[in-house]
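# Structure at a glance
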Amino acid sequence: MASDQKDNKNLNSFFEEEYSSIKRYIQSKIKQTSESDAEDIIQDVALRIFSRPIDALPIHNIGGYVYNAVKNKITDILRTKRTRFDDQEQLEQLWTDFTYLFYDQSSNEYPTLIREKLKIAIEELKPVYRDIIIAVDFENYSYKEISMETGIPQGTLMSRRHRALSILLKKIEN
């Protein structure tokens, strides 16, 4: 029990002292990772480390242990990313369908212009907003699936999507 308490104390100290370094490490390994995403990864790793069984072996090299856990989490995130659309015709249909979320049009008066504006607007979004729009609206992921794959809470994902849709609507209306 004393070894477990010592490990927890050392882990606490390590996370306090190295938090910024760990965050920079994550951002260097995953392109287009926001600061909050890196923090989510750190929190997930810390939770898993601090939740380990009481009878687990003591940690001899805390730095190596933590960075290895972070590296494993990054690997998991990168492995779970699904492939993007290759079929241009299918993608064009999805753009059209997505356009109608913004404009309830029964005619085909301006869909090409709107679709092009939408493409540009989505490309200009911050990665965290763009990724959630593509995952939910184009690749049909559920918030639960995304949360399980990334470790980001469902509520955070919903908020990001809502914010992304607001940004897109403002850009398209201008």
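All residue numbers refer to positions counted from 1 along the written sequence of the respective chain. Only residues with pLDDT of 70 or above have their local features reported here, since the model is predicted, and side-chain atom pairs are shown and tallied only from 80 upward, although totals for entire chains, interfaces and linings are computed over all residues. Excluded from the side-chain calculations are hydrogens and water; all other atoms, namely the structure's heavy atoms, are used.

## Remarks on the overall build of the protein chain
Per the secondary structure count, the protein chain includes eight helices and zero strands. Helices (α) and strands (β) of the protein chain occur, in sequence order from the N terminus, as α-α-α-α-α-α-α-α. Taking all contacts inside the protein chain whose residues are at least 6 apart in sequence as the whole, residues at least 24 apart take part in 65%. Note that accessible areas follow from Shrake-Rupley with a 1.4 Å probe, and for residues the cover is restricted to the protein chains shown. When the accessible area of the protein chain is evaluated, it comes to approximately 11,000 Å², of which 51% is carbon and sulfur surface. Each helix is a run of H or I in the DSSP string that is no shorter than four residues. Each strand is a run of E no shorter than two, and both are numbered from the N terminus. Whether two residues are in contact is decided by their heavy atoms, any of which lying within 4.5 Å being enough.

## Side note on the side chain of K73
Looking at where K73 falls in the secondary structure, it is placed in helix α3 (residues 62-80). Here a polar contact is recorded for every N or O atom pair within 3.5 Å, except that within protein the pair must consist of a potential hydrogen donor and a potential acceptor, and residues adjacent in sequence are included only if both atoms are side-chain atoms. Reaching out from K73, the side chain makes a polar contact with the side chain of D44 at a distance of 2.9 Å.

## Thoughts on the environment of I41
On the secondary structure map, I41 appears in helix α2 (residues 35-50). A sequence separation of 33 residues divides I41 from I74, and the C-alpha atoms of the two residues are 8.1 Å apart.

## Some thoughts on the confidence of the model for the protein chain
Each residue carries a pLDDT score, the predictor's confidence in it, ranging from 0 to 100. Averaged over every residue, the pLDDT of the protein chain is 76; the share at 70 or more is 71%. No element of the protein chain has a lower mean pLDDT than helix α4 (residues 88-102), at 60, and none a higher one than helix α7 (residues 143-150), at 88. Scored below 50 in pLDDT, residues 82-86 makes 13 contacts in the model with residues more than four places away or belonging to other chains.

## A closer look at the pattern of salt bridges
Criterion for a salt bridge: a side-chain nitrogen of Lys or Arg within 4 Å of a carboxyl oxygen of Asp or Glu. Throughout the structure, instances matching the rule amount to six salt bridges. Linking K73 and D44 is a salt bridge whose minimum nitrogen-to-oxygen distance equals 2.9 Å. Of this pair, K73 sits in helix α3 while D44 is found in helix α2, placing the two residues 29 residues apart along the sequence. Exposure categories follow from relative accessible area, calculated using a 1.4 Å probe and restricted to protein chains: below 20% of the type maximum is buried, above 50% is exposed, and the middle band is partly exposed. Relative accessible area serves as the criterion here: at 12%, D44 is assigned to the buried category.

## Regarding the environment of P153
By secondary structure assignment, the location of P153 is in the loop between α7 and α8 (154-173). In this structure P153 comes out as partly exposed when scored by relative accessible area, which is 42%. Separated by ten residues in the primary sequence, P153 and Y143 have C-alpha atoms spaced 8.7 Å apart.

## Concerning the nonpolar core
Considering soluble globular proteins, one finds that nonpolar side chains tend to be buried as a cluster. By size, the foremost hydrophobic cluster in this structure holds 18 residues, and its most contacted members are L11, F15, I22, I26, V66 and V70. Contributing elements (two or more residues each) for this core: α1 (2-29), α2 and α3. Residues belong to one nonpolar core when they are buried, are Ala, Val, Leu, Ile, Met, Phe, Trp, Tyr or Cys, and are joined through side-chain atoms within 4.5 Å.

## With respect to α7
Within α7, the full set of buried residues consists of Y143, I146 and S147. What you see down the axis of α7 is that its buried residues fit within an arc of 100 degrees, all on one side. Those residues of α7 that are exposed and angled more than 90 degrees off the buried face are K144 and M148. G151 sits one or two residues past α7 and shows a positive phi near 80 degrees. By definition, the arc is the one covered by directions from the helix axis to the C-beta atoms.

## A few points about the environment of Q5
Residue position: Q5 is located in helix α1. Each C-alpha atom, one on Q5 and one on P58, is 9.9 Å from the other, the two residues being 53 residues apart in sequence.

## Looking at the packing of aromatic side chains
Working definition: a ring pair exists when centres of Phe, Tyr or Trp rings (six-membered ring for Trp) sit within 6.5 Å. Plane angles under 30 degrees give stacked, over 60 give edge-to-face, the rest tilted. Evaluation of the coordinates by the stated rule reveals four aromatic pairs. Seen from their ring centres, F15 and F50 are 5.9 Å apart, and the 45 degrees between their planes marks the pair as tilted. Of the two residues, F15 is situated in helix α1 and F50 in helix α2; the sequence distance between them amounts to 35 residues. Here F15 falls in the buried class, since its relative accessible area comes to 9%. Judged by its relative accessible area of 29%, F50 falls in the partly exposed class. Summarising the aromatic geometry, the rings of Y25 and Y67 are spaced 5.3 Å apart at their centres and angled 85 degrees between planes, so their arrangement reads as edge-to-face. With Y25 in helix α1 and Y67 in helix α3, this residue pair connects regions lying 42 residues apart in the sequence. Residue classification places Y25 among the partly exposed positions, given a relative accessible area of 22%.

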